[in-house]
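# Fold and geometry: a report
Single-letter residue listing:
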Amino acid sequence: ELQCQIATLEQDLKHAKEEAARSTSYQTATLEQDLKNAKEEAAHATSQVRAAKELQYQIASLEQDLEDAKEEAARATSQARIAKELQCQIATLEQDLKHAKEEAARSTSYQTATLEQDLKNAKEEAAHATSQVRAAKELQYQIASLEQDLEDAKEEAARATSQARIAKELQCQIA
């Protein structure tokens, strides 16, 4: 009877070992797949973190470009103010020229030539100032465009930062 019990126990032990081997093999395969998936997610998350850092650099660059453009626009605005002052001076000079021509009719032609040269110089300065006003308007357009680019980059960085946070949480879970 003891031999029968021993044989039964040996058979039970054999079945238990086989079941444990199958269970261990399944758990190992599952854990290896989970580890592989976690590594892939971590690699993707690392890529997202890298992208977030690049976006942060782009944002800093765009902010600097915006600041530079604002300074350039301020200079152009100042030049536009000068252009307006020059236009007023031109109007005054034209009036002075008209009077000078009337006076020149009674006086010498030398004074008329001088005033005409002054008028020519003032018109050239006004033309230069007008081109600077045009440049200022172009800079204002560039500023608006840069501000939009900056907004877009900030939104993209916010998304990337969120993804980076998720990636860190995944890395903590893996560890």
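My aim in this report is to walk through the structure given alongside it, one point at a time. (Residues numbered from 1 in each chain as written. Predicted model: local features only at pLDDT ≥ 70, side-chain atom pairs only at ≥ 80, totals over all residues. Heavy atoms only, no water.)

So, on to the overall build of the protein. Check the secondary structure of the protein and you find two helices and zero strands. In terms of principal-axis extent, the alpha carbons of the protein reach across some 155 × 15 × 15 Å. When burial is assessed residue by residue, the protein has 20% of its 175 residues classed as buried. The long-range share in the protein, meaning contacts at least 24 apart out of those at least 6 apart in sequence, stands at 86%. As displayed, the protein offers around 13,100 Å² of accessible surface, 53% of which is attributable to carbon and sulfur atoms. When the 22 positive and 33 negative side-chain charges of the protein are each reduced to one mean point, those points stand 3 Å apart. (Helix = DSSP H or I, 4+ residues; strand = E, 2+ residues; numbered from the N terminus. Buried < 20%, exposed > 50% of the residue type's maximum accessible area, 1.4 Å probe, protein only. Contact = heavy atoms within 4.5 Å. Areas by Shrake-Rupley, 256 points an atom, 1.4 Å probe, with all protein chains shown as cover. Lys, Arg positive; Asp, Glu negative; His and termini not counted. Charge placed at Lys NZ, Arg CZ, Asp CG, Glu CD.)

This part is about the pattern of salt bridges. One pass over the full model with this rule turns up four salt bridges. Note that glutamate 72 is salt-bridged to arginine 75, the shortest N-O span being 2.4 Å. Here the residue glutamate 72 and the residue arginine 75 both occupy positions in helix H1 (residues 2–106), the gap between them amounting to three residues, near one helical turn. With its nearest N and O atoms 2.5 Å apart, the salt bridge here joins glutamate 156 to arginine 159. Separated by three residues within a single helix, glutamate 156 and arginine 159 lie in helix H2 (residues 109–174), roughly one turn from each other. (Salt bridge = Lys/Arg side-chain N within 4 Å of Asp/Glu carboxyl O.)

The biggest cluster of nonpolar side chains holds 16 residues, and the ones touching the most others in it are Ile59, Leu62, Leu66, Ile143, Leu146 and Leu150. Counting residues per element, the ones that place at least two in this core are H1 and H2. For isoleucine 143, the residues in contact, after removing those within four places along its chain, are Leu66, Ala69, Lys70 and Ala73. Ile90, Leu97, Leu119 and Ala126 belong to the second largest nonpolar core, which has five residues in total. (Core = buried A, V, L, I, M, F, W, Y, C linked by side-chain atoms within 4.5 Å.)

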